[in-house]
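# Descriptive analysis of the structure
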Amino acid sequence: MPWLMSERPILSIITVCFRDAKNLAATLESIKAVKQGGIEFVIVDGGSDDGTAELVQSYGELVDTFISEPDKGTFDAMNKGIRHSRGKWVIFINAGDGIADPAAFQSIKLTEYADAGLVYGNTVYAGRGEVKPYPEASLQYGLIMACHQSMLFNRDILGDDIFYSERFPLVNEFDLVCRIVAKKHLRMYIDIPVAYFMGGGISSRISWEARRARYFYVAQHFGFRGLIMTGLESLGWLSLPARRK
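Residues numbered from 1 in each chain as written. Predicted model: local features only at pLDDT ≥ 70, side-chain atom pairs only at ≥ 80, totals over all residues. Heavy atoms only, no water.

## Here's the deal with helix α6 (residues 172-182)
Here α6 lies mainly inside the structure; nine of its 11 residues are buried. What α6 keeps buried is the set Asn 172, Glu 173, Phe 174, Asp 175, Leu 176, Val 177, Cys 178, Arg 179 and Ile 180. Contact partners of the buried residues in α6: α3 (74-83), β6 (116-125), β8 (151-154), α5 (155-158), β9 (186-197) and α7 (208-234). Immediately downstream of α6, the backbone of Lys 184 shows phi near 60°, a positive value. (Buried < 20%, exposed > 50% of the residue type's maximum accessible area, 1.4 Å probe, protein only. Helix = DSSP H or I, 4+ residues; strand = E, 2+ residues; numbered from the N terminus. Contact = heavy atoms within 4.5 Å.)

## Notes on the environment of Ser 107
By the element assignment, Ser 107 lies in the loop between α4 (102-106) and β6. Accessibility expressed as a relative area gives 38% for Ser 107, which makes it partly exposed. Put simply, Ser 107 and Val 181 are 74 residues apart on the chain and 26 Å apart in space, counted from C-alpha to C-alpha. Among the polar contacts listed, one links the side chain of Ser 107 to the backbone oxygen of Ala 104, at a separation of 2.5 Å. (Polar contact = N/O pair within 3.5 Å; in protein donor to acceptor, adjacent residues only side chain to side chain.)

## Overview of the state of the cysteines
The final tally for this structure, using the stated rule, is zero disulfides. Its sulfur unpaired, Cys 17 is 18 Å from the next cysteine sulfur, which belongs to Cys 147. Overall, the relative accessible area of 9% leaves Cys 17 in the buried class. Cys 178 supplies the cysteine sulfur nearest to Cys 147, a cysteine that is in no disulfide, at a spacing of 16 Å. Residue Cys 147 is classed as buried on the basis of its relative accessible area of 8%. (Disulfide = S-S within 2.5 Å.)

## Description of the packing of α6 against α7
Two numbers describe how α6 lies on α7: the axes approach to 10 Å, and their chain directions differ by 10°. With respect to their mutual orientation, α6 and α7 come out roughly parallel. Counting all contacts with α6, which are made through Asn 172, Phe 174, Asp 175, Cys 178 and Arg 179, the residues of α7 involved are Tyr 217, Val 218, Gln 220, His 221 and Phe 222. Of the residues contributing to the contact of α6 with α7, the split by class is five nonpolar, three polar and two charged. (Axes fitted to C-alpha atoms, helices over the stretch in contact; angles between N-to-C directions. Parallel < 35°, antiparallel > 145°, perpendicular 65-115°, else oblique. Nonpolar A, V, L, I, M, F, W, Y, C, P; charged D, E, K, R; others polar.)

## Here's the deal with the pairing of β9
Pairing geometry for strand β5 (residues 98-99) and β9, over two bridges, is antiparallel. Directly across from Ile 99, in β9, lies its bridge partner Ala 195. In this sheet, β9 lies alongside β6 in parallel orientation, the contact comprising eight bridges. Bridge pairing in β9 places Tyr 125 opposite Phe 197. (Pairing = 2+ DSSP bridges.)

## A look at unusual backbone geometry
Even without a glycine there, the phi angle at Arg 19 is positive, about 50°. Here Arg 19 shows up in the loop between β1 (11-17) and α1 (21-32). At Val 171, a position not held by glycine, the phi torsion is positive, near 70°. Following the sequence through the fold, Val 171 ends up in the loop between α5 and α6. The class of Val 171 is buried, set by a relative accessible area of 10%.

## Re the packing of aromatic side chains
One pass over the structure, following the stated rule, counts seven aromatic pairs. Note on Tyr 120 and Tyr 189: the rings are 5.8 Å apart at their centroids and 45° apart in plane angle, and the pair reads as tilted. Of this pair, Tyr 120 sits in strand β6 while Tyr 189 sits in strand β9; the two residues are 69 residues apart in sequence, bridging distant segments of the chain. Looking at Tyr 120, the relative accessible area reads 1%, which means it is buried. Judged by relative accessible area, Tyr 189 falls into the partly exposed class, the value being 22%. Taken together, Phe 75, Phe 92 and Tyr 164 form an aromatic cluster joined through their ring pairs. Across the ring face of Tyr 125, the terminal group of Arg 128 is positioned such that the distance to the ring centre comes to 4.8 Å. Stacked on the ring of Tyr 134, the Lys or Arg Arg 243 has its end atom at 4.0 Å from the ring centre. (Phe/Tyr/Trp six-rings, centres within 6.5 Å; stacked < 30°, edge-to-face > 60°. Lys NZ or Arg CZ within 6 Å of the ring centre and 35° of its normal.)

## Looking at α3
Counting buried residues along α3, eight of its 10 residues qualify, which places the element largely inside the surrounding structure. Those residues of α3 that sit buried are Phe 75, Asp 76, Ala 77, Met 78, Asn 79, Lys 80, Gly 81 and Ile 82. On its buried side, α3 packs onto β1, β2 (39-45), β3 (65-68), β4 (89-92), α5 and α6.

Take it as geometry only, folks, not as evidence of what the structure does.
Structural data, given as structure tokens:
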């Protein structure tokens, strides 16, 4: 088995939520299908009053750590989840999302990627099916190459770099991946479906705030050339690199 029993979990699955008990129920069922020795499950709730706490309690020992208190937003909650988790690897599966294929997920041998800071795979999108990532060159266009929920982060390699900026209320996962690439941490792609993504999360919203965050991080990591490429792609005058085959 790839998830070996040890004093420290190999993987922490972290879920953040707020007043989303209905969608959280599906996520709990998904994690139940893969939870075994070596996997830790942490839920960070923003102090919901919709029955979230009672729902979590009904799953007994499935959830190793449950925190329910006000936070300053999604990425504050995600950083809190990292601080309260112990796994060598971290993955975020938020309310409404889940593990795409339990058997495939359990086949991932993270010990084989000990030198990698980031491992990422394919994503099953609601209504679209399985989708493979873009090449990493997509970052220069302001687009993260893979769905954030299909990314596994190696805490032992990344150290403090595993934490998210909280500068903006959204799109900070793009900055995290850009920092991992800029610091030349090893990235590995695995051709298996990792996460099921329901869609509609905060960073998927098209808004002025999302555009502002996106352009800020592109300028920070790729300079003027990145801004031009991102602008041209947004206008439809430049095409993104083709997805992996």
